[in-house]
Amino acid sequence: MIARKLKIGFLGANLAYAAQLKGLIERHTAHRWAWQARSLAQCIEQCHQTVPHIILLDTADTSLDTARTVGDLRRQFHSQILLMSPSTDCPTHRVFAALGAGAIDVVSLNRE
């Protein structure tokens with residue numbers, strides 16, 4: 001079986017966190033960082049150009065309604081959504097709502 005190189009997008013306002021994730025992905029995997037977006041509108045625009053296999057969604061970005069965002073992106077682009085929680089103190093209701101809307105899982109990755 002040939003392993004497929006996944007295209008990965010990031011949605012969240014924290015550019016430092018995006019840079020940390022991008023660095024980890026590029027250094028430790030064969031997958032490709034496709035793009036990063038700071039808003040849902042930018043994310044949709046980026047998806048129209050390059051539909052990623054996975055979108056990493058920063059759950060700490062309070063400007064996004066996580067459940068609605070996950071549902072909208074899954075319906076429009078069929079990308080898998082992986083929730084990225086910067087810490088264990090992220091509001092759990094946002095995480096569970098997004099999981100209920102179709103996100104595949106949540107990963108806690110410390111930003112430091």
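Residues numbered from 1 in each chain as written. Predicted model: local features only at pLDDT ≥ 70, side-chain atom pairs only at ≥ 80, totals over all residues. Heavy atoms only, no water.

Caption draft 1: The arrangement of the confidence of the model for the protein chain in detail. In the predicted model, the protein chain carries a mean pLDDT of 90, and the fraction of residues at 70 or more is 92%. Looking over the protein chain, one finds the lowest element-wise mean pLDDT in strand E5 (residues 105–108), namely 90, and the highest in strand E1 (residues 7–11), namely 97. (pLDDT = per-residue confidence, 0-100. Helix = DSSP H or I, 4+ residues; strand = E, 2+ residues; numbered from the N terminus.)

Caption draft 2: Quick look at the side chain of threonine 69. Turning to its location among the elements, threonine 69 is positioned in helix H3 (residues 66–77). Ignoring anything within four residues of it in the chain, the contact list for threonine 69 reads Leu11, Leu40, Leu57 and Leu64. (Contact = heavy atoms within 4.5 Å.)

Caption draft 3: Broad picture of the state of the cysteines. A complete count under the given rule lists 0 disulfides for this structure. A disulfide-free cysteine, cysteine 43 has its sulfur positioned 4.2 Å from the sulfur of cysteine 47, the nearest such atom. Assessed through its relative accessible area of 0%, cysteine 43 is described here as buried. Judged by its relative accessible area of 0%, cysteine 47 is buried. (Disulfide = S-S within 2.5 Å. Buried < 20%, exposed > 50% of the residue type's maximum accessible area, 1.4 Å probe, protein only.)

Caption draft 4: The arrangement of the sheet that holds E1 in detail. The sheet built from 5 strands is open, its strands ordered E2-E1-E3-E4-E5 with parallel pairing. Each of the sheet's edge strands pairs with one partner strand only, and the pair in question is strand E2 (32–37) and E5. Sheet twist, expressed as the mean angle between neighbouring strand axes with direction ignored, is 25°. Where helix H2 (residues 40–49) meets the sheet, its contacts fall on E1, E2 and strand E3 (54–58), and the angle it forms with E2 comes to roughly 140°. (Pairing = 2+ DSSP bridges. Axes fitted to C-alpha atoms, helices over the stretch in contact; angles between N-to-C directions.)

Caption draft 5: Local environment of the packing of aromatic side chains. Using the criterion set out here, one finds 2 aromatic pairs in the structure. Considering the side-chain rings of phenylalanine 10 and tyrosine 17, the 6.2 Å spacing of their centres and the 80° angle between planes classify their relative orientation as edge-to-face. Considering the side-chain rings of phenylalanine 10 and tryptophan 33, the 6.2 Å spacing of their centres and the 25° angle between planes classify their relative orientation as stacked. With phenylalanine 10 in strand E1 and tryptophan 33 in strand E2, this pair connects stretches of sequence that are 23 residues apart. (Phe/Tyr/Trp six-rings, centres within 6.5 Å; stacked < 30°, edge-to-face > 60°.)

Caption draft 6: Focus on the pairing of E2. In terms of strand pairing, E1 meets E2 through 5 bridges, oriented parallel. Each bridged residue has a counterpart across the sheet, and for lysine 7 the counterpart in E2 is arginine 32. With helix H1 (residues 15–28) bridging E1 and the parallel E2, this β-α-β connection has right-handed handedness. (Right-handed = clockwise from strand over helix to strand, strands pointing away.)

Caption draft 7: The environment of leucine 64, seen in detail. By secondary structure assignment, the location of leucine 64 is in the loop between E3 and H3. Overall, the relative accessible area of 6% leaves leucine 64 in the buried class. In this structure the C-alpha to C-alpha distance between leucine 64 and leucine 6, which are 58 residues apart in sequence, comes to 25 Å. Residues contacting leucine 64, with those up to four places away along its chain left out, are Leu11, Leu40, Leu57, Thr69 and Arg94.

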